[in-house]
Amino acid sequence: TGAALTLYKKASAPKAITIDGSIENGSVNVTGVADLSAVPEGTELTLSNTPASGYKLSAYDVYKTGEPSTKVTVTNGKFTMPDYDVTVSATFEVAKVLKSIEITTQASQKTFWVGETFNYDGLVVTAHFEGAADEVVTPTSVSKPTMNVAGERTITVSYEEGTTTKTTNYTI
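Residues numbered from 1 in each chain as written. Predicted model: local features only at pLDDT ≥ 70, side-chain atom pairs only at ≥ 80, totals over all residues. Heavy atoms only, no water.

Attention shifts here to the sheet that holds strand β11 (residues 141–142). Strand order in the open sheet formed by 3 strands is β11-β12-β13, with antiparallel pairing between adjacent strands. Each having just a single partner strand, β11 and β13 (164–171) make up the two edges of the open sheet. Sheet topology places β11 next to strand β12 (residues 154–161); 2 bridges connect them, and they run antiparallel. Bridge pairing links valine 142 to valine 157 in β12. (Pairing = 2+ DSSP bridges. Helix = DSSP H or I, 4+ residues; strand = E, 2+ residues; numbered from the N terminus.)

Before going further, it helps to spend a moment on the environment of lysine 110. Following the sequence through the fold, lysine 110 ends up in the loop between β8 (97–105) and β9 (124–130). A polar contact is formed between the side chain of lysine 110 and the backbone oxygen of alanine 107, at a distance of 3.2 Å. (Polar contact = N/O pair within 3.5 Å; in protein donor to acceptor, adjacent residues only side chain to side chain.)

Attention now goes to the sheet that holds strand β4 (residues 55–64). Spatial strand order, β1-β7-β4-β5: 4 strands in an open sheet with mixed pairing. In this open sheet, the two strands that pair with only one neighbour each are β1 (17–19) and β5 (67–72). Neighbouring strand axes in the sheet, compared pairwise and without regard to direction, differ in orientation by 45° on average. Here β1 runs beside strand β7 (residues 86–94); their pairing, made up of 3 bridges, is parallel. Residue pairing for β7: threonine 18 is matched across the bridge by threonine 87. (Axes fitted to C-alpha atoms, helices over the stretch in contact; angles between N-to-C directions.)

The tally for this structure, following the rule as stated, stands at 6 salt bridges. Between lysine 71 and aspartate 61 there is a salt bridge, with the nearest N and O atoms lying 3.0 Å from each other. With lysine 71 in strand β5 and aspartate 61 in strand β4, this pair connects stretches of sequence that are 10 residues apart. Residue classification places aspartate 61 among the partly exposed positions, given a relative accessible area of 26%. Glutamate 135 is the partner of lysine 96 in a salt bridge, and the nearest nitrogen-oxygen pair spans 2.6 Å. Taken together, the residues lysine 96 in the loop between β7 and β8 and glutamate 135 in strand β10 (residues 135–137) connect sequence positions 39 residues apart. Given a relative accessible area of 30%, glutamate 135 falls into the partly exposed group. Salt bridges sharing partners connect three or more residues here, namely Lys96, Glu135 and Glu161. (Salt bridge = Lys/Arg side-chain N within 4 Å of Asp/Glu carboxyl O. Buried < 20%, exposed > 50% of the residue type's maximum accessible area, 1.4 Å probe, protein only.)

Once that is clear, we can look at the packing of aromatic side chains. Evaluation of the coordinates by the stated rule reveals 2 aromatic pairs. When the ring of phenylalanine 112 is compared with that of phenylalanine 118, the centres are 5.5 Å apart and the planes differ by 50°; the resulting orientation is tilted. By the burial criterion, phenylalanine 112 is buried, and phenylalanine 118 matches it. Three or more aromatic residues joined by ring pairs form one cluster here, namely Phe112, Phe118 and Tyr120. Its end group placed over the ring of phenylalanine 129, lysine 96 keeps NZ or CZ at 4.6 Å from the ring centre. (Phe/Tyr/Trp six-rings, centres within 6.5 Å; stacked < 30°, edge-to-face > 60°. Lys NZ or Arg CZ within 6 Å of the ring centre and 35° of its normal.)

Phe118, Val157 and Tyr170 are the most contacted members of the largest nonpolar core, which totals 18 residues. Only β8, β9 and β12 provide two or more residues apiece to this core. Beyond its immediate stretch of four places on either side in the chain, valine 157 contacts Ile101, Ile103, Leu123, Val125, Pro139, Ser141, Val142, Lys166, Thr167, Thr168 and Tyr170. Among the nonpolar cores identified, the runner-up in size contains 16 residues, and Val30, Leu45, Val62 and Val86 belong to it. (Core = buried A, V, L, I, M, F, W, Y, C linked by side-chain atoms within 4.5 Å. Contact = heavy atoms within 4.5 Å.)

The phi dihedral of asparagine 25 is positive, around 70°, even though this residue is not glycine. Looking at the secondary structure, you find asparagine 25 in the loop between β1 and β2 (26–31). Its relative accessible area of 30% is what places asparagine 25 among the partly exposed residues. Even without a glycine there, the phi angle at asparagine 76 is positive, about 50°.

So this is what it looks like as structure tokens:
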């Protein structure tokens, strides 16, 4: 009477990770384990990707192998190995690449008196992209010329998208 009974969970056999062979416009890598065919349940794994030129990652998709509707949660490019085999996939989309900008409407005020402050209200800038439609954008910067002497001034307008900055000039 009163004998203690201890129960242990039987360790599950390692599970496999398959990289979807039909991924287009990029590739995916899984790190955090040496052998993708023998991954212990509970292992935290990290996903990384290499998009093809002109593409960017849209989303990762990790699911139970053979059951795409059984999803595994991916957070910040990481997931925890469940107690079943999984397939890792990804979708890549065309990257929006800034090609140029142009001034499609100059500032409303085109002449200034000596000593007056430059005002660029009404300035309209259009950005031209590869992989996306043109957009009217708010400039990242507009130069403010010194208005202490009469004469023409060159205004420099810049716009930044991601790591790309484009610049254009116009004269007032």
